Amino acid sequence: MPDPDAKPLTGLIRPDRRALTLEEYQAGGGYAGLRAALKLEPGQVQHQVEKSNLRGRGGAGFFTGKKWGFVPMGQPELGPKYVVCNADEMEPGTMKDRWLLEGNPLQVIEGATIAAYAIEAKAAYIFLRWGYKKAQAAMLRAIAEAYGGRLLGRNILGSSFDLDVHLHVSAGRYMCGEEEGMLNALEGQRAVPRSKPPYAATSGLWGKPTAVNNVETLSCVPHILAHGPQWFLDLSHTSEGGTKIYGASGRVARPGLWELPMGTTVGEILHEHAGGMASGYALRGLLPGGGSTAFLTEKHVNVRMDFASVSTAGSNLGTGTMIVLDDRTCPVSMLISLEQFFARESCGWCTPCREGLPWVLKSLLEIEAGRGCDEDLQVLEEHARLLGPGNTFCALAPGAMMPLGSALQYFRGDIERHLSEHRCPWR
Ligand code: SF4
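Rules used throughout
- Residues numbered from 1 in each chain as written.
- Predicted model: local features only at pLDDT ≥ 70, side-chain atom pairs only at ≥ 80, totals over all residues.
- Heavy atoms only, no water.
- Pairing = 2+ DSSP bridges.
- Helix = DSSP H or I, 4+ residues; strand = E, 2+ residues; numbered from the N terminus.
- Axes fitted to C-alpha atoms, helices over the stretch in contact; angles between N-to-C directions.
- Contact = heavy atoms within 4.5 Å.
- Salt bridge = Lys/Arg side-chain N within 4 Å of Asp/Glu carboxyl O.
- Core = buried A, V, L, I, M, F, W, Y, C linked by side-chain atoms within 4.5 Å.
- Buried < 20%, exposed > 50% of the residue type's maximum accessible area, 1.4 Å probe, protein only.
- Near = heavy atom within 4 Å.
- 1 Å grid on protein atoms, 1.4 Å probe; cavity = no way out; pocket = protein on both sides within 12 Å on 5 of 7 lines; lining within 4 Å.
- Sits in = over half its atoms within 2 Å of the grid points.
- Nonpolar A, V, L, I, M, F, W, Y, C, P; charged D, E, K, R; others polar.
- Phe/Tyr/Trp six-rings, centres within 6.5 Å; stacked < 30°, edge-to-face > 60°.
- Lys NZ or Arg CZ within 6 Å of the ring centre and 35° of its normal.
- Expected span 1.5 Å × (residues − 1).

Novice: Describe the sheet that holds strand β4 (residues 210-214), with residues and values.
Specialist: Hydrogen bonds along the backbone pair up the strands of a sheet, which may run parallel or antiparallel. Within the open sheet, the four strands sit side by side as β3-β2-β1-β4. Their pairing is parallel. Strands at the two margins of the open sheet, each flanked by one partner only, are β3 (164-169) and β4. Going from strand to strand, the sheet's axes swing by 20° on average, the running direction of each strand aside. Inspection of the sheet shows strand β2 (residues 123-128) paired to β3 by six bridges, in the parallel sense. Residue F127 lies in a different strand from β3, and its bridge partner there is H168. Strands in contact with helix α7 (residues 133-148) are β2 and β3; relative to β3, the strand with the most contacts, it is inclined by about 170°.

Novice: An account of the pattern of salt bridges is requested, with residue identities and associated values reported.
Specialist: One pass over the structure, following the stated rule, counts 26 salt bridges. Note that D16 is salt-bridged to R18, the shortest N-O span being 3.3 Å. If you follow the salt bridges from partner to partner, you end up with R57, K96, D97, E216 and K244 in one network.

Novice: I'd like a rundown of the nonpolar core, residues and numbers included.
Specialist: Within the largest apolar cluster, 58 residues are counted, with the highest numbers of intra-cluster contacts made by Y31, W68, L101, L106, I109, L163 and L225. If you tally residues by element for this core, the top one is helix α6 (residues 105-119), at 10 residues. When sequence neighbours within four positions are dropped, the list of residues in contact with Y31 reads L22, Y25, Q26, L106, I109, E110, A146 and L151.

Novice: Before we move on, can you summarise the site of the ligand with the specific residues and values?
Specialist: The environment of the ligand is made up of M175, P193, S346, C347, G348, W349, C350, C353, T392, F393, C394 and L396. The cavity that encloses the ligand is the largest cavity. When its residues are assigned to classes, the shell around the ligand shows nine nonpolar, three polar and no charged.

Novice: Hey, could you go over the packing of aromatic side chains for me, with residue numbers and the actual values?
Specialist: Overall, the coordinates contain 11 aromatic pairs when judged by the stated rule. Site record: aromatic cluster; members linked through ring pairs are Y82, Y125 and W206. Against the face of Y281 rests R328, its NZ or CZ located 4.2 Å from the ring centre.

Novice: How would you explain helix α14 (residues 331-345) if you had to name every residue and give the values?
Specialist: With 15 residues, α14 should cover 21 Å at 1.5 Å per step; its first-to-last C-alpha distance of 21 Å lies within 8% of that length. Looking at α14, one finds that the buried residues are P331, V332, M334, L335, I336, L338, E339, F341, F342, A343 and E345.

Novice: An account of the sheet that holds strand β8 (residues 321-326) is requested, with residue identities and associated values reported.
Specialist: Here we have four strands laid out as an open sheet, ordered β6-β5-β8-β7, and mixed in their pairing. Only two strands of the sheet have a single neighbouring strand rather than two, namely β6 (256-261) and β7 (283-287). Across the sheet, the mean angle separating the axes of adjacent strands is 30° when strand polarity is ignored. With four bridges connecting them, β7 and β8 associate as antiparallel partners. Each residue of the ladder has a partner; that of L286, found in β8, is V324.

Here it is as structure tokens:
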């Protein structure tokens, strides 16, 4: 059984991920965080989270306490405020939130409850990926248990704080998990991004102040309140507090997920936890945090997997769940698989993404089929630049260009071989 003190997020989760009951959760320390929070003023709760240096685990990595601090406080004339938990996990290679949603849904609910108290919200929505059926059942049961235990509803734990939590099942598109698209979807509108500013903190759901936080982020919150910000900071190898759920997929010996100190190195995750490459395969590269991050290579094995260090190495921590490229897989075919996903999931709102991604895909398919020419390579290079940050309405297209741009840097020779040999060298 893992040590719950070293692995606060997952230490209590059963190997078969059968959800903890309220009784089991409380016996393991559950709801100590909320009890501690309710003894503080909402602003003090925000301050505790800010001091813990918790960075959002959805991928963007913004500081959670700071994010909550942007929500206007003590102004009842503004009307209701909301917390939205982003549980619409759909990035290729990412499955970490599923572990938390299925195994310990009450931890997510407790985190959302503390977040709601911290920003003075009285309603929270859990926006869940449509395909996570087991998580849906676990979450529904957990919400009912929390109401039954007077941990949701009126006068929570005998305080004057009220909160209702609603589960909303996503329509099943990638854009539903993008913050603004998610708010539109919750309002029953098409899941497209909104122009910013205003930001969700002041004008989110139904135009009201809203805090949007990821599942793993909210799961950290009860532990910060229960044990204090310094304890949370001490869990980490770096200045970014806490533990992190890391993962590895691809041809590694033991693909999986592990809760480890924030800042664990690429090499430790890959070699010690994932057991190294599967027999007969060698490492060529890895996307450190899902399909919309840039490749790192074997020269990056000592990079710490925290937001700042991975960014310095030229990529993004993203979700922290790496996709490994081995030496027997064609990099072009891996790119095709990723770009197919992003082209399919483009919401079509802006032209560069709607038209550009299918063009990228077509060029990659031509190259892989041995029919590519120098012009296709040029198309890829131009798109990696033109669909980059700042040129589209949301981060989907720039994210889709991260593996492409970095593959043009690290695997250019492999792409050029397709052109010169008029075939895929891996077939
Ligand atoms: S970048 Fe793509 S997904 Fe994002 S708004 Fe534009 S068309 Fe939609």
